[in-house]
Amino acid sequence: MSLIGVQSFACGRWVDPGAGAVVIADAATGAPVARVGNAALDTGAMRDYARMTGGPALRQMTFHDRARMLKSLALHLDQHRDALYELSYHTGATLADSRIDIDGGIATVFVIASKGRREMPDDHVYLDGPPEALSRGGSFMGQHVATPLRGVALHINAFNFPVWGMLEKLAPALLAGMPVIVKPASTTSYVTEACVRLMIQSDILPSGAVQLIAGGVGDLMSRLDCQDVVSFTGSAATARHLRSADQLIGASVRFIAEQDSLNASVLGPDAGPGTPEFDLFIREVHRELTVKAGQKCTAIRRIIVPDAHVGPVIAALEAEIAKTRIGAPKLATTGMGALVSSAQKQDVLDGLALLEKEAPRVIGDPARFELDGADPARGAFLPPMVLCCDDPDAARQVHETELFGPVSTVMGYRDTKHAIDLVNRGGGSLVASLITGDPDMAKEVVMGAGAYHGRIYINNRDSMAEATGHGAPLPHMIHGGPGRAGGGEELGGIRGVMHYMQRTAIQGSPDMLSGVGRRWVPGASEITKADHPFTRRFDQLEIGETLHTATREVTSKDIETFAAFTGDRFYAHMDDAAARRNPFFPGRVAHGYLLLSFAAGLFVQPDEGPVLANTGLANLRFLKPVEPGSQLRVRLAVMQKTPRNDEYGEVRWHVTIRDQVDEAVAEYELLTMNAR
Ligand code: NAP
């Protein structure tokens, strides 16, 4: 195979590696694969191109436009996975490893795209929470909104997930409306470059939305300001160096760090040998030890088990590890491939020497292991290794030194408090897991260890068939952790998108807030039209369009009929004396559900028309009891519109039911699907 010259993509052009580019070797064979490094990138021009070309083009689109763009991108990448797998073998990854990286990255883009369509508006301004009442009369209100930052997101990524690591950051940034400069780790940059090339070739992204730096970032960091974001993934040492740059501190540049982490997994005392939980624990630990040859930020580095189970856990792990073949990544029988480079292997061996002073190795020997289809002298191979620490309270290195490879340490605990103390000795990590069937222990661990962890994964026989695994960050859930793990937080659905937007408190009249947010706020002007709003299609309805209904009396007979029909004979509706003894009711009152039904009877337009279905109610509150003889009327206002597809969209209606003295008795939001 000819050497890949890893190109950068700058200002709309592909740029060859410059003089001084370094050669990257195949992880398993040691043969040269790629040249990476740049000398001639104009980082100022790249930043300006992102800001002046990419940013405006992205911000012109709505959140839904950008979500659709991401979905198209994911569909396109999905069709080209094979080419990426092929390259990924050179990094030492097996096909299963590559699927985590490549399929996992694409799946993440799909989820972020879908969440963008469902949870964000088809508009340019994101509303963060409901409006806040700031005045007695309701003429002055507040609303938190978020708008995209106007700079560039610089994504500096680690070597271990060249595709997922890029896409899990790219999707939230693009959804927010921010252009991105991707800087992958040099060692695996050829895989990232191939993926960026697919994205650029697809022509789905506007110019300037994505650029790529293969090699060093030059002076780019010193050109950033408060409208830019740096999102870094890598080692604690690099993060420390980067985040302390004068320019980042001086200009308050947002800096998100996802660092290394001494993640732990705890076996509950109830989950001893012979239980399904014990077997599950062994499977989870084994998987984290061997997937990506242990080069995973979320891998289990510390195996924390009841003192009595230390021996059985080591024996069971040994049996499981014995089944794992180590070898050439492409061989179908290979369960664990190579580390990314011989330098990475040497790092692990150096760390091992340190840890072995506190925790002797009980499984695996780096000098003697079987290897299939590869030359141990050329490839960066190591076997899975387990250490055992007898005195985890006195030990330091096992809690503080990350070996980014297939190594983990078993340690015993006395009781739950001791287990929590040990878990927290990592100084803050991405994920801790707990294998138990005991919710009380789970609560104690969450209370004791939650503040030190970004994620706590609890698994047992009830959830194991569907659980996603200790080590899998999911786009729906936050990924990141405090302290040692960097203090960052990525993903978590729309939470991850917020890193690329500025939250602003808007204050003004209801009309102002409705105009800015494209969501009708009670108190804002009402638009009245001659025909019923249910007769107009989704695209014809205007925000603020309002219907005031006729009046209807609620009688005792209505209440009795409703009680007989539904079977809801709750005493407050049936027995006047009993209702009076209740502090909430003046006497016998109408059912809340009767009020909702009467409201529908008042506002519904019965003919076949563009309203296709009532899909639910939200934020329902009953505000005042309704006695027999009350006169009800309803105000129905178009509050918000969210297109779903070309055929229909969701209309959120604000509904207020009032009585004869003009007091609100119930308020809610009605959701309907309306034809376009
Ligand atoms: P690394 O050596 O810290 O490098 C990370 C990134 O920083 C690479 O892209 C690297 O580029 C870049 N970099 C290094 N020095 C730089 C500088 N002076 N200016 C700008 N960029 C610079 O980490 P790694 O070896 O790639 O990754 C392994 C580590 O990442 C492990 O410790 C692992 O725990 C951690 N990790 C954490 C997460 C997470 O989500 N928390 C995920 C994956 C990995 P070059 O390669 O070109 O030097």
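Since the model is a prediction, treat every value here as computed from it, not as a measurement.

What counts, and at which threshold
- Residues numbered from 1 in each chain as written.
- Predicted model: local features only at pLDDT ≥ 70, side-chain atom pairs only at ≥ 80, totals over all residues.
- Heavy atoms only, no water.
- Helix = DSSP H or I, 4+ residues; strand = E, 2+ residues; numbered from the N terminus.
- Buried < 20%, exposed > 50% of the residue type's maximum accessible area, 1.4 Å probe, protein only.
- Contact = heavy atoms within 4.5 Å.
- Pairing = 2+ DSSP bridges.
- Axes fitted to C-alpha atoms, helices over the stretch in contact; angles between N-to-C directions.
- Domains from an automatic or database assignment.
- Phe/Tyr/Trp six-rings, centres within 6.5 Å; stacked < 30°, edge-to-face > 60°.
- Lys NZ or Arg CZ within 6 Å of the ring centre and 35° of its normal.
- Expected span 1.5 Å × (residues − 1).
- Bend = angle between axes of the 7 residues up to and from the residue.
- Polar contact = N/O pair within 3.5 Å; in protein donor to acceptor, adjacent residues only side chain to side chain.
- Near = heavy atom within 4 Å.
- Core = buried A, V, L, I, M, F, W, Y, C linked by side-chain atoms within 4.5 Å.
- Patch = residues over 30% accessible without salt bridge, like charges linked within 9 Å, V, L, I, M, F, W, Y side chains within 5 Å.
- Areas by Shrake-Rupley, 256 points an atom, 1.4 Å probe, with all protein chains shown as cover.
- Salt bridge = Lys/Arg side-chain N within 4 Å of Asp/Glu carboxyl O.
- Lys, Arg positive; Asp, Glu negative; His and termini not counted.
- Charge placed at Lys NZ, Arg CZ, Asp CG, Glu CD.

### As for the overall build of the protein chain
Consideration 1: On a plain count of helices and strands, the protein chain comes out with 20 helices and 29 strands.
Consideration 2: Expressed as lengths along the three principal axes of its C-alpha atoms, the size of the protein chain is roughly 90 × 60 × 45 Å.
Consideration 3: Within the protein chain, the proportion of its 676 residues that are buried is 56%.
Consideration 4: Long-range contacts, defined here as pairs at least 24 residues apart, represent 74% of the contacts in the protein chain between residues at least 6 apart.

### So, the sheet that holds strand β5 (residues 32-36)
Consideration 1: Read from one edge to the other, the open sheet built from three strands follows the order β1-β5-β4, with strand pairing classed as mixed. The two strands at the open ends of the sheet, each matched to only one other strand, are β1 (4-5) and β4 (22-25).
Consideration 2: Sheet topology note: the β1/β5 ladder contains two bridges and is parallel. Within the sheet, the bridge partner assigned to Ile4 lies in β5 and is Ala34.
Consideration 3: Lying on the sheet, helix α6 (residues 189-202) is in contact with β1, β4 and β5; it crosses β5 at an angle near 70 degrees.

### Regarding the domain arrangement of the protein chain
Consideration 1: Considered domain by domain, the protein chain is made up of domain 1 (4-135 + 144-258 + 496-502), domain 2 (264-473) and domain 3 (508-675).
Consideration 2: Taking only C-alpha atoms into account, the centre of domain 2 sits 55 Å from that of domain 3.

### Brief notes about the sheet that holds strand β16 (residues 361-363)
Consideration 1: Taken together, the seven strands give an open sheet; going across it, the order is β16-β17-β18-β15-β14-β19-β20, and neighbouring strands pair in mixed fashion. With partners counted over all chains shown, the strands left at the sheet margins are β16 and β20 (453-459), one partner each. Looking at each pair of strands side by side, their axes are set apart by 25 degrees on average, direction ignored.
Consideration 2: As paired elements, strand β14 (residues 264-267) and strand β19 (residues 429-435) share four bridges and run parallel to each other. If you follow Ser265 over to β19, its bridge partner there is Ser433.

### Focus: the packing of aromatic side chains
Here a ring pair, both rings aromatic, is described through the centre-centre distance and the interplanar angle of the planes.
Consideration 1: Overall, the coordinates contain eight aromatic pairs when judged by the stated rule.
Consideration 2: Geometrically, the ring pair formed by Phe534 and Trp653 is tilted, given 5.2 Å between the ring centres and 55 degrees between the ring planes. Taken together, the residues Phe534 in the loop between α16 (510-517) and β24 (546-548) and Trp653 in strand β28 (residues 648-658) connect sequence positions 119 residues apart.
Consideration 3: In textbook terms, an aromatic cluster arises when at least three aromatic residues are bridged by ring pairs, as seen for Phe534, Phe603 and Trp653.
Consideration 4: Just above the ring of Phe598 sits the side chain of Arg552; from NZ or CZ to the centre is 3.6 Å.
Consideration 5: Sitting above the plane of the Phe538 ring, Lys641 keeps its charged end 4.9 Å from the centroid.

### Some thoughts on unusual backbone geometry
What is expected of a backbone is that most residues other than glycine have negative phi and most peptide bonds are trans.
Consideration 1: Positive phi is not limited to glycine here, since Ala293 has a value of about 50 degrees.
Consideration 2: Of note, Ala293 is situated in the loop between α9 (276-290) and β15 (302-306).
Consideration 3: Residue Ala293 is classed as buried on the basis of its relative accessible area of 1%.
Consideration 4: For Leu491, which is not glycine, the phi torsion reads 55 degrees and is therefore positive.
Consideration 5: Along the chain, the position of Leu491 falls in strand β22 (residues 490-491).
Consideration 6: With relative accessibility at 2%, the residue Leu491 sits in the buried group.

### With respect to helix α1 (residues 43-60)
Residues three or four positions apart in an α-helix share a direction because the helix packs 3.6 residues into each turn.
Consideration 1: Look at α1: 25 Å from first C-alpha to last across 18 residues, which is about the 26 Å you get at 1.5 Å a residue.
Consideration 2: The principal kink in α1, of about 35 degrees, is found at Gly54, preceding the proline Pro56 by one to four residues.
Consideration 3: Every buried residue belonging to α1 is among Thr43, Gly44, Met46, Arg47, Tyr49, Ala50, Gly54, Gly55, Leu58 and Arg59, and all of these are buried.
Consideration 4: The backbone nitrogen of Gly44 has a side-chain oxygen 3.2 Å away, supplied by the residue at the start of α1, namely Asp42.

### Some remarks on the site of the ligand
Consideration 1: Asn157, Ser186, Ser235, Thr238 and Glu402 are the nearest of the 25 residues found near the ligand.
Consideration 2: Within the side chain of Thr238, one N or O atom sits 2.6 Å away from an oxygen atom of the ligand.
Consideration 3: For the ligand, a nitrogen atom lies 2.8 Å from a polar atom in the backbone of Gln259.
Consideration 4: Residue assignment for the shell around the ligand shows that the elements contributing at least two residues are β12 (229-233) and α7 (236-243).
Consideration 5: Counting residues per element, the shell around the ligand draws most heavily on α7, which supplies three residues.

### So, the nonpolar core
Consideration 1: Of all hydrophobic cores here, the largest spans 63 residues; its most connected members are Leu167, Leu174, Tyr190, Met199 and Met501.
Consideration 2: The leading source of residues in this core is helix α5 (residues 164-176), at nine residues.
Consideration 3: Among all residues touching Met501, those that are not within four sequence positions of it are Phe63, Met120, Tyr126, Ala146, Thr147, Pro148, Leu149, Ala176 and Arg254.
Consideration 4: Counting residues in each nonpolar core, the second largest holds 31 residues, with Leu382, Leu403, Tyr413 and Ala419 among its members.

### Remarks on a negative patch on the surface
Consideration 1: On the surface, Asp270, Asp415, Asp438, Asp440 and Glu444 cluster together into a negatively charged patch.
Consideration 2: Among the structural elements, Asp415 can be located in the loop between β18 (407-413) and α13 (416-424).
Consideration 3: Judged by relative accessible area, which is 41%, Asp415 ranks as partly exposed.

### Looking at a nonpolar patch on the surface
Consideration 1: On the surface, a nonpolar cluster with roughly 390 Å² of combined accessible area is contributed by Tyr593, Leu617, Leu620 and Phe622.
Consideration 2: In terms of residue count, the dominant contributor to the nonpolar patch is strand β26 (residues 611-622) (three residues).
Consideration 3: Checked against the element boundaries, Leu620 lands in strand β26.

### Some thoughts on the environment of Ala40
Consideration 1: The topology assignment puts Ala40 in the loop between β5 and α1.
Consideration 2: Judged by relative accessible area, which is 67%, Ala40 ranks as exposed.

### Considerations on the pairing of β18
Consideration 1: Of all seven residues in β18, seven are buried; the element is thus mostly enclosed.
Consideration 2: Note: β15 against β18, five bridges, orientation parallel. Among the inter-strand pairings, Ile304 is bridged to a residue of β18, identified as Met411.
Consideration 3: Where strand β17 (residues 385-389) meets β18, five bridges bridge the pair, whose relative direction is parallel. Paired with Cys388 across the strands is Val410, a residue of β18.

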